[in-house]
Amino acid sequence: MSGFVGVLVSDSWLQSQFTQVELRKLNSKFVSLRNQLGKVTVGDLPPLLVKLKAFNQMFSENEIVEILGESSPDMGDEIDFEAFLRVLKSFYGQCSKLINVAVPGTIDERAINTKTVLNPWERNENHTLCLNSAKAIGCTVVNIGNQDLVEARDVEELMGLAPEKVLLRWMNFHLKKAGYKKPITNFSSDVKDGEAYAYLLNVLAPEHCDPSTLATKDPADRANLILDHAERMNCKRYITPKDIVEGSPNLNLAFVAHIFHHRNGLSVDSKKYSFAEMMPDDVLMSREERCFRLWINSLGIASYVNNVFEDVRDGWILLEVLDKISPGSVNWKHATKPPIKMPFRKVENCNQVVRIGKQLKFSLVNVAGNDLVQGNRKLILALLWQLMRFNVLQLLKNLRFRSQRKEMTDVDILNWANTKVRSAGRTSKMESFKDKNLSNGIFFLELLSAVEPRVVNWNLVTMGETDDEKRLNATYIISVARKLGCSIFLLPEDIMEVNQKMILTLAASIMYWSLQQPVESDSSPHQTESLDSGSPPSRTAEALESGSSPSPVEAPATPEASPPPSVNGDESTLSDDVSTLSIDDAASDTTLNSDTTTAFESTPTSHTENGNDHVEE
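Sequence order as written defines residue numbering, which begins from 1 separately in each chain. pLDDT decides what is reported in this predicted model: residues at 70 or higher carry local features, side-chain atom pairs at 80 or more are listed and counted, and totals for whole chains, interfaces and linings draw on all residues regardless. Calculation of side-chain values draws on the structure's entire complement of heavy atoms; hydrogens and water are dropped beforehand.

Engineer: Mind showing me how you'd approach the overall build of the protein here?
Structural biologist: Helix and strand definitions follow DSSP, with helices as H or I runs of at least four residues and strands as E runs of at least two, each counted in order from the N terminus. A tally of helices and strands in the protein yields 29 helices and zero strands. Looking at the protein as a whole, 52% of its 617 residues are labelled buried. Every residue pair with non-hydrogen atoms within 4.5 Å of one another is taken to be in contact. Long-range pairs, those at least 24 residues apart, make up 67% of the contacts in the protein between residues at least 6 apart in sequence. A 1.4 Å probe rolled over the protein chains alone gives each residue an accessible area, and that area as a share of the maximum for its type sets the label: buried under 20%, exposed over 50%, partly exposed in between.

Engineer: Even after reading the chapter, I still don't get unusual backbone geometry, so can you show me in this structure?
Structural biologist: Glycine aside, residues mostly have negative phi, and peptide bonds are mostly found in the trans state. Look at the link from Pro338 to Pro339: it is a cis peptide, with omega at 0 degrees. Residue Lys361 is not a glycine yet carries a positive backbone phi of 70 degrees. Of note in the backbone geometry, Asn366 takes a positive phi value of approximately 65 degrees without being a glycine. Note on placement: Asn366 falls in the loop between helix 18 (343–359) and helix 19 (369–373). Classification of Asn366 as exposed rests on a relative accessible area of 69%.

Engineer: Mind showing me how you'd approach the pattern of salt bridges here?
Structural biologist: For this analysis, a salt bridge means a side-chain nitrogen from Lys or Arg found within 4 Å of a carboxyl oxygen belonging to Asp or Glu. What the rule picks out here adds up to 10 salt bridges. Glu497 is the partner of Arg287 in a salt bridge, and the nearest nitrogen-oxygen pair spans 2.7 Å. With Arg287 in helix 15 (residues 287–298) and Glu497 in the loop between helix 24 (492–496) and helix 25 (500–516), this pair connects stretches of sequence that are 210 residues apart. With a relative accessible area of 18%, Arg287 lands in the buried category. One salt bridge connects Arg471 with Glu493, and the closest N-O pair in it is separated by 3.2 Å. Residue Arg471 is found in helix 23 (residues 467–484), and its partner Glu493 is found in helix 24; the two are separated by 22 residues along the sequence. Judged by relative accessible area, which is 23%, Glu493 ranks as partly exposed.

Structure below.
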């Protein structure tokens, strides 16, 4: 019997872009397209592609035909399996662009592997960067991995936009100006008759206004006129009249977001005004709120958080988070699921949250459930920070000290990071998580280079002496960490300003990734390394042995960023794992040095508020 050969592609580069599992599945899809003559034509592809979840909310069938027509003018041309793979690769490439379209600047494009020929590791890095960046802007990517991107599964999850409440508020703002009396509360039943869209477009682009739109009685005809109006505003059709009439919430949300992107009508002089300045105060979120909101949504709980300060007040989401990070801690028989009409039920939920928090050794002195129900922002942020920190430290404890069951502390993370940098022959040091020297980004770039020597391209690193240089380094750090597989939610400003809480999460995420790697792939074995081990090795010898690149202070000349060691879809990234972070930090508060203690006993403060509430010990 002959041995298994698998699916072979004549183009070695194209062959390298897919695993055999992927090729077999894609080959099966391709074979299913064959007609009675055993052929597949370019014209056979659009009906298949538009049905894939990966593309059905990104492109209409007509748009797919248009894109394919750019490279194959004759839709009757026969296409082979290799050409089919190239078509899929070109469409997958659109997914990465969506991240920066949705939230400009999320991905530092310097961190993307852009060579003509990418090896499997580099392709894996790009997918990992895409997934973690999508997660960082609030997209739901739980149980989605690199394999899903290649096989076109669930990529529509990457199209998640900012919380719809912002767009609803923006839409109602313009509808009120236009004289529309009915407030819009959703992107389904409230917009299916098309009247709200007609008013909205008429106030945003009166030069393209068609009076017959409002006069039309048939909703389907009105929907057609609305889309014609939108096209005259240069908004491409990502939605059909049927989608409007049927009230498809996701597609209508995307349509409104697309309109907003092209013409928001908020300012005629973008140099003088910003959208943020015109939004009500309750929409201006602090950076901490953003971080905790995205973190909660990354956990994979049933509920989705649009606004932390509002959505946690009934206690249900907090109970879901507690059950996720500390399984079995919640007594669901004594919890009430929303919608909750009776106020005392909300208090009961929140009282259970506080009770469990105290059992987990959180600092919640003089905090009651009613404080959360009333929406005390300082206390909410304080609780969420302790939940997130518990999550982080518990995961690291389970990974680092499986046998010893030793408690993980903040000092352990600090010592690990310094030891790791030192062992790579570097001289940078982090005195504490609020060390102002961290603002230039060099330490974290050296840490990333220490855990994976090929991941940092030192030619792209600045000295970090000016604010602009610090920002460049900070954005690069975030994208490189995500490309490596770290799931982080901080912003460049958090690094530049040395936000000690966010700096901890960054260091912990890098530590978590490093500890997951096989022992043999690291010059200092993870399972046996001491967190505060001895003196630094010889700088030159260690640098040569590890293959690390010089820091920008020396002579920046390193090849492009390189991939993590694992390739074939079984990689466990922090994309899934910050979701399961937990700590049992009974001992941690007593082992911290003064700087670190301050970092975690201090109550998280909002960047947009100046209240004086705090959690007292």
